[in-house]
Amino acid sequence: SDGNVLSASYTMALDADTSVSAGWQSMKDADSDSTTQFDFVISRSLGGGASVYVDMRTLSGDTDGDNGGGTSFGFGTSVSF
């Protein structure tokens, strides 16, 4: 076996303009190295195709490098035409 991946995700609308999504993924390779990733995103539409978002990702397990695991946060805006 080359490896296994198991994942799940969920998205829901809090109201007409706000959505929340969460995702989880567990990966195991042929050498039995495993990692687990969790994502969480909140997005809010501002109207006119613009939206703002905040996201978080955690990564743990057998990651490459000294700083491979941990938690990161991001935020920003998105515009669609």
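Every value quoted in this text rests on a predicted model; they were computed, and no experiment measured them.

Rules and cut-offs
Residues numbered from 1 in each chain as written. Predicted model: local features only at pLDDT ≥ 70, side-chain atom pairs only at ≥ 80, totals over all residues. Heavy atoms only, no water. Pairing = 2+ DSSP bridges. Helix = DSSP H or I, 4+ residues; strand = E, 2+ residues; numbered from the N terminus. Axes fitted to C-alpha atoms, helices over the stretch in contact; angles between N-to-C directions.

Q: Account for the pairing of strand S4 (residues 50-61), with residues named and values stated.
A: Here 12 bridges tie strand S3 (residues 34-47) to S4, and the two strands are oriented antiparallel to one another. Within S4, the residue paired with Arg44 across the bridge is Val52. If you look at the hairpin formed by S3 and S4, you'll find 2 residues sitting between the two strands, and Gly48 has a positive phi there, around 65 degrees. Pairing of S4 with strand S5 (residues 70-79) involves 10 bridges; the strand directions are antiparallel. Looking across to S5, one finds that Ser51 is bridged to Ser78.

Q: Give me the lowdown on the sheet that holds strand S1 (residues 3-13), citing residues and values where you can.
A: Spatially, S1-S2-S3-S4-S5 is the arrangement adopted by the 5 strands of the open sheet, whose pairing is antiparallel. Every other strand in the sheet has two partners, leaving S1 and S5 as the edge strands with one partner each. The mean angle between the axes of side-by-side strands here comes to 10 degrees, regardless of whether they run parallel or antiparallel.

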